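Listed below, chain by chain, are the residues.
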Amino acid sequence: MGVLPVPAEVCAILLDIEGTTTPIAFVQETLFPYIKDNVKEYLRAHWEEEECQRDIGLLRKQAQEDSSLDGAVPIPLESGSGEEELERVIQAVVDNVHWQMSMDRKTTALKQLQGHMWRAAYATGLVKGEIFEDVVPAIRKWREAGMKVYIYSSGSIEAQKLLFSYSTEGDILELFDGHFDTKIGPKVESESYRRIAASIGCATNNILFLTDVPREANAAEEADTHVAVVIRPGNAGLTDDEKSYYSLISSFTELFLPSST
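Going along each chain's sequence as written, the residues are numbered from 1 onward. Where totals are concerned, whole chains, interfaces and linings use all residues; where local detail is concerned, this predicted model gives features only for residues with pLDDT of at least 70, and gives and counts side-chain atom pairs only at 80 or more. Each side-chain value is worked out from all heavy atoms of the structure, with water and hydrogens disregarded.

(A) Here's a closer look at the overall build of the protein chain. The secondary structure content of the protein chain amounts to nine helices and eight strands. Taking 261 residues into account, the globule formula puts the C-alpha radius of gyration at 18 Å, and the protein chain, at 20 Å, falls close to it. With respect to the principal axes defined by its C-alpha atoms, the protein chain has extents near 70 × 40 × 35 Å. With 261 residues in all, the protein chain has 49% of them scored as buried. The accessible surface values rely on the Shrake-Rupley method and a 1.4 Å probe; as for residues, cover is taken only from the protein chains in view. Carbon and sulfur atoms make up 49% of the accessible area of the protein chain, which amounts to about 12,800 Å² in all. Each charge sign in the protein chain was given a centre, from 24 positive and 42 negative side chains, and these centres are 3 Å apart. Helix and strand definitions here come from DSSP, where helices need a minimum of 4 consecutive H or I residues and strands a minimum of 2 consecutive E residues; each element is numbered from the N-terminal end. Our radius of gyration looks at C-alpha atoms and nothing else; its globule reference is 2.2 Å times the residue count to the power 0.38. The cut-offs for exposure are 20% and 50% of the maximum accessible area for each residue type, with area from a 1.4 Å probe on protein chains only; residues under the lower value are buried, those over the upper are exposed, and the others partly exposed. None of His or the chain ends enter the tally, which takes Lys and Arg as positive and Asp and Glu as negative. To locate a charge, take NZ of a lysine, CZ of an arginine, CG of an aspartate or CD of a glutamate.

(B) Structural detail: the nonpolar core. Buried residues of nine kinds, namely Ala, Val, Leu, Ile, Met, Phe, Trp, Tyr and Cys, make up a nonpolar core once their side-chain atoms join them within 4.5 Å. Counting residues in hydrophobic clusters, the biggest one holds 60 residues, and the most contacted among them are Leu15, Leu43, Val97, Trp142, Leu210 and Leu255. In this structure, this core is formed jointly by two domains, domain 1 (4-22 + 129-256) and domain 2 (28-124), each of which donates at least three residues. Contact between two residues is taken to exist if any of their heavy atoms lie within 4.5 Å; hydrogens are not considered. Among residues more than four places away in sequence, those in contact with Val97 are Ile35, Val39, Leu59, Leu110 and Leu113. Core analysis: the next-biggest nonpolar cluster, separate from the first, contains 21 residues, Ile207, Ala217, Val229 and Leu248 among them. The split into domains, and so the bounds of each, comes from an automatic or database assignment of domains.

(C) Seen up close, the sheet that holds strand β2 (residues 12-15). At least two bridges found by DSSP between two strands is the condition for calling them paired. Across the sheet, six strands lie side by side as β4-β3-β2-β5-β6-β7; this open sheet has parallel pairing. Lying at the two open borders of the sheet, with one neighbouring strand each, are β4 (178-180) and β7 (248-249).

(D) Spotlight on the side chain of Asp134. Of note, Asp134 is situated in the loop between α4 (108-123) and α5 (135-144). On the basis of relative accessibility, which here comes to 13%, the residue Asp134 falls in the buried class. Not counting the four nearest positions on each side in its chain, Asp134 is found in contact with Arg232, Ser251, Phe252 and Thr253.

(E) Region of the structure containing the packing of helix α3 (residues 83-102) against α4. Helix axes use the C-alpha atoms of the stretch in contact, all axes being lines fitted to C-alpha atoms, and the angles between their N-to-C directions lie in the range 0 to 180 degrees. Packing of α3 against α4 brings their axes to within 11 Å, and their N-to-C directions diverge by 110°. The pairing of α3 with α4 is recorded here as roughly perpendicular in orientation. Where α3 abuts α4, its residues Val97, Gln100 and Met101 lie against Leu110, Leu113 and Gln114. Throughout, the ten residues Ala, Val, Leu, Ile, Met, Phe, Trp, Tyr, Cys and Pro are labelled nonpolar, Asp, Glu, Lys and Arg are labelled charged, and all others, Gly among them, are labelled polar. A class-by-class count of the residues in the contact of α3 with α4 yields four nonpolar, two polar and no charged. Roughly parallel means an angle under 35 degrees; roughly antiparallel means over 145; roughly perpendicular covers 65 to 115; every other angle is labelled oblique.

(F) Seen up close, the domain arrangement of the protein chain. In terms of domains, the protein chain is made up of domain 1 (4-22 + 129-256) and domain 2 (28-124). Between domain 1 and domain 2, the C-alpha centre-to-centre distance is 30 Å. With ten residues of domain 1 at the interface, the matching set in domain 2 holds nine residues. For any pair of parts, buried area is found by adding up, for both, the accessible area (1.4 Å probe) each one loses once the two are put together. Summed over both sides, the interface between domain 1 and domain 2 buries roughly 910 Å², with carbon and sulfur atoms accounting for 58% of that surface. When residues of domain 1 are sorted by the area they lose upon contact with domain 2, Glu158, Leu162 and Tyr166 head the list and together hold 43% of the total. A pairing counts as a salt bridge when a side-chain nitrogen of Lys or Arg comes within 4 Å of a carboxyl oxygen of Asp or Glu. Across the contact surface, domain 1 and domain 2 share one salt bridge. A salt bridge links Glu158 to Arg119, with the shortest nitrogen-to-oxygen separation between them at 3.3 Å. The definition of a polar contact used here is a pair of N or O atoms within 3.5 Å, where within protein one atom must be able to donate a hydrogen and the other to accept one, and adjacent residues in sequence count solely through side-chain atom pairs. Counting every contact that joins domain 1 to domain 2 gives three residue pairs in polar contact (both at pLDDT 80 or more). Among the residues making up the side of domain 1 that touches domain 2, the classes are represented as four nonpolar, four polar and two charged.

Now the structure itself:
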């Protein structure tokens, strides 16, 4: 797609993960299926642990808030002891998690449990975070040129750090100056990008945001953030209008930085 010059005022690059640094297929065909296939076994193994009980508490609270939604799965309290009852509660949690994932929910309760499950999977080598091969060399060049590099993803900050700590490129967490998730705000709302700029300590037009999602690019643009839409294998197609409107790149190497001063 050629070379895309980075505006001279840009001093920070903000990166999406899924479809930008990492193949969508990794998230859809590895990370999410791992949760679906292993959540019952994980709950059985960790049920008595304090962290797991906090996760269950959050999921139960979320289930109460979701009670009016079609297909929502309640999670009962444990009223006593006994293997049969424990299995009944665990199955309710499993069904709730599966329902939330089928609805593509991004609740804090779901993301927290997923993050803890992925932590165990990464640490034991069952999962490695996939990174496009152009990503690491490009980020190293950006940093050498004085750029700050940040991540903004709908996945929790813990899940982000796990992906980059246990990646196919090794531990590359040191390449990033900070991480943001939806606690800063939804990626399709312009105010989120203003909050990120304030957190970083710069103006919104000092940031270049790379994403594969036009709605996110539009929200960032509304906040006066520079944007480029990333075209990767497996990403959703763009309309002709989107192709003509947005700056497009298919590799991080296509970004041309102004000479550092």
